[in-house]
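# What the coordinates show
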Amino acid sequence: MWKYTSTNDCNNFLLSLKLFNCSNKKKYIKTLYSISNNPSKYYKIYKIKKRNGHTRTIYEPSFLLKHIQRKILTNILNNKSISKYAKAYKKGLSIKENVKPHLNQKLILKLDIKNFFDSISFIQVYETCFSLAYFPKSIGILLTNLCTFESHLIQGPPTSAYISNLVLKDFDNKLGQFCEKENINYTRYSDDLTFSGDFNPQSLIKYVNTLLKKLNLTLNRSKTRIINHNQSQNIMGITVNQKIQVNKKYRSKIRQEIYYLKKFGLKSHLTKTNQEENNYLKKLYGKVLYVLEINKEDQEFLAYKNYLINLKNKS
């Protein structure tokens with residue numbers, strides 16, 4: 001389709017995408033290619049500590065690059081469908097949607113994809129999102145460059161999450177269809193794969209590995225979890241044994257905070273814990289709302305919600 005597209009045609013196509021506001025057409029095109037060719041100038045790179053003591057590298061795009069990436073996400077990527085088994089990074093999806101299929105199951109298997117974003121390559125992003133099927137080659141390569149760094153996907157750009165869903169669409173569909181035939185429930189939330197039902201976990205792990213290998217992805221064996229029905233079946237901080245609700249530890253911490261508030265009073269508790277009133281109440285209220293988002297019928301936390309509303313109104 002794009003075989004005989006001229007440079008002028010490509011520039012006009014690029015202008016039609018309106019990736020940022022610029023009345024000067026030459027400057028608009030020059031800026032996009034400048035960012036594409038020198039991405040390191042447009043990222044702030046830093047590391048954050050993970051719970052396991054390791055670090056995760058975050059790439060924070062500049063204001064302009066982030067704006068461009070959001071336009072790519074909104075105007076291009078969001079128009080592409082993802083698999084029904086993918087439960088993250090799309091409007092209307094949530095952690096709750098990820099755990100619902102696994103309620104009250106005999107067995108739960110949790111798998112984790114190793115170095116998820118970093119392992120998704122430039123060519124995978126190009127072929128999935130910006131190939132000749134959709135764009136002239138030069139434009140496709142430019143858009144891919146704007147969404148990757150050092151030839152792979154990275155954590156930080158607003159485009160990365162949805163791109164990962166698109167790259168794994170065929171994987172999700174093939175694995176999901178296999179699981180349906182075997183009466184196994186399957187969902188994926190980013191790099192977390194969850195399976196439930198009555199099945200042989202080792203056999204399924206082997207099959208998953210085979211599919212991942214085709215994408216040059218591998219499992220993080222240290223994060224593999226097999227949970228039987230007589231154990232606490234916890235998926236991303238939510239228990240699913242008999243009903244879906246936030247795990248006991250999270251709920252207990254909120255319960256303890258409410259107890260201290262009722263026993264000592266707001267002012268005294270804030271003084272003892274050296275916290276600012278508005279910030280403290282806002283965070284605690286948000287935690288209560290999260291519990292209710294997962295289980296809106298939780299009477300205990302509905303009472304906590306009303307208590308905090310009244311407390312806020314009185315303060």
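Scroll up a little and you will see the structure.
Here the structure is a predicted model, which means the values were calculated and not measured. (Residues numbered from 1 in each chain as written. Predicted model: local features only at pLDDT ≥ 70, side-chain atom pairs only at ≥ 80, totals over all residues. Heavy atoms only, no water.)

## Some details on the overall build of the protein
Of regular secondary structure, the protein possesses 13 helices and nine strands. Each principal axis of the C-alpha distribution contributes one length, and for the protein these read about 75 × 55 × 35 Å. Here the protein, with 315 residues, has 43% of them falling under the buried criterion. At a minimum sequence separation of 6, the contacts of the protein that also span at least 24 residues come to 67%. By element, 48% of the accessible surface of the protein is carried by carbon and sulfur atoms, the whole surface being about 17,900 Å². (Helix = DSSP H or I, 4+ residues; strand = E, 2+ residues; numbered from the N terminus. Buried < 20%, exposed > 50% of the residue type's maximum accessible area, 1.4 Å probe, protein only. Contact = heavy atoms within 4.5 Å. Areas by Shrake-Rupley, 256 points an atom, 1.4 Å probe, with all protein chains shown as cover.)

## Examining the state of the cysteines
Per the counting criterion, the structure on display carries zero disulfides. No disulfide involves Cys147; its nearest neighbouring cysteine sulfur is the one of Cys129, lying 7.7 Å away. (Disulfide = S-S within 2.5 Å.)

## Some details on the side chain of Ser36
Mapped onto the secondary structure, Ser36 falls in helix α2 (residues 25-37). Note on Ser36: relative accessible area 7%, which makes it buried. Residues contacting Ser36, with those up to four places away along its chain left out, are Leu142, Asn145 and Leu146.

## Overview of the sheet that holds strand β4 (residues 185-189)
One open sheet accounts for four strands, arranged β4-β5-β3-β6; its pairing is antiparallel. The outermost strands of the open sheet, each flanked by one partner alone, are β4 and β6 (225-228). Averaged over all adjacent pairs, the angle separating strand axes in this sheet is 15 degrees, with direction ignored. Pairing of strand β3 (residues 107-112) with β6 involves four bridges; the strand directions are antiparallel. Within the sheet, the bridge partner assigned to Leu109 lies in β6 and is Ile226. Contacting β3, β5 (192-197) and β6, helix α9 (residues 201-213) runs over the sheet at an angle of about 30 degrees to β3. (Pairing = 2+ DSSP bridges. Axes fitted to C-alpha atoms, helices over the stretch in contact; angles between N-to-C directions.)

## Structural notes on the packing of helix α5 (residues 122-129) against helix α6 (residues 137-147)
Each pair of packed helices can be summarised by the angle the axes make with each other and by the distance between the axes. In contact at an axis separation of 9 Å, α5 and α6 are set at 125 degrees when each is read in the N-to-C sense. In terms of orientation, α5 lies oblique with respect to α6. Between α5 and α6 lies a crossing whose hand is right-handed. Residue-level contacts link Phe122, Val125 and Tyr126 of α5 to Lys137, Gly140, Ile141, Thr144 and Asn145 of α6. The residue inventory of the contact of α5 with α6, partitioned by class, reads four nonpolar, three polar and one charged. (Parallel < 35°, antiparallel > 145°, perpendicular 65-115°, else oblique. Left-handed = near helix turned anticlockwise from the far one by under 90°. Nonpolar A, V, L, I, M, F, W, Y, C, P; charged D, E, K, R; others polar.)

## Topic: the layout of surface pockets
In this structure, the largest pocket encloses a volume near 1,400 Å³. Residue lining of the largest pocket: 40 residues in total, with Arg56, Asp112, Asp191, Asp192 and Lys223 positioned closest to the centre. Listing elements by their share of the lining of the largest pocket, those giving two or more residues are β2 (55-61), β3, α7 (160-167), β5 and β7 (234-235). The element that contributes the greatest number of residues to the lining of the largest pocket is β2, accounting for four residues. By residue class, the composition of the lining of the largest pocket is 13 nonpolar, 16 polar and eleven charged. Along the wall of the second largest pocket there are 13 residues; nearest its centre are Val167, Leu168, Asp170, Phe171 and Leu215. If you list the elements that add at least two residues to the lining of the second largest pocket, you get α5, α7 and α8 (169-181). (1 Å grid on protein atoms, 1.4 Å probe; cavity = no way out; pocket = protein on both sides within 12 Å on 5 of 7 lines; lining within 4 Å. Points joined across faces, edges and corners; volume = space filled by probe spheres on them.)

## Focus: the nonpolar core
In this structure, Ile72, Phe130, Leu143, Phe171, Leu175, Phe195 and Val208 are the most contacted members of the largest nonpolar core, which totals 62 residues. Setting aside residues up to four positions removed in sequence, Phe195 forms contacts with His102, Leu107, Ile108, Leu109, Leu111, Leu175, Cys179, Ile184, Asn185, Tyr186, Leu204 and Val208. (Core = buried A, V, L, I, M, F, W, Y, C linked by side-chain atoms within 4.5 Å.)

## Observations regarding the pattern of salt bridges
Using the criterion set out here, one finds eight salt bridges in the structure. As a salt-bridge pair, Asp198 and Lys106 come within 3.6 Å of each other at their nearest N and O atoms. Of this pair, Asp198 sits in the loop between β5 and α9 while Lys106 sits in the loop between α4 (95-99) and β3, and the two are 92 residues apart along the sequence. Residue Glu300 pairs with Arg251 through a salt bridge whose shortest N-O separation is 3.7 Å. In this pair, Glu300 sits in helix α13 (residues 299-314) while Arg251 sits in helix α10 (residues 248-264), placing the two residues 49 residues apart along the sequence. Among the ionic contacts, a cluster of salt bridges with common partners joins Arg251, Arg255, Asp298 and Glu300. (Salt bridge = Lys/Arg side-chain N within 4 Å of Asp/Glu carboxyl O.)

## Quick word on the environment of Phe135
Looking at the element boundaries, Phe135 is found in the loop between α5 and α6. For the pair Phe135 and Leu14, spaced 121 residues apart in sequence, the C-alpha separation works out to 9.7 Å.

## Details of the environment of Ile120
As for its position among the elements, Ile120 is in the loop between β3 and α5. With relative accessibility at 1%, the residue Ile120 sits in the buried group. Aside from chain neighbours lying at most four places away, what touches Ile120 is Val125, His152, Leu153, Ser164, Val167 and Leu168.

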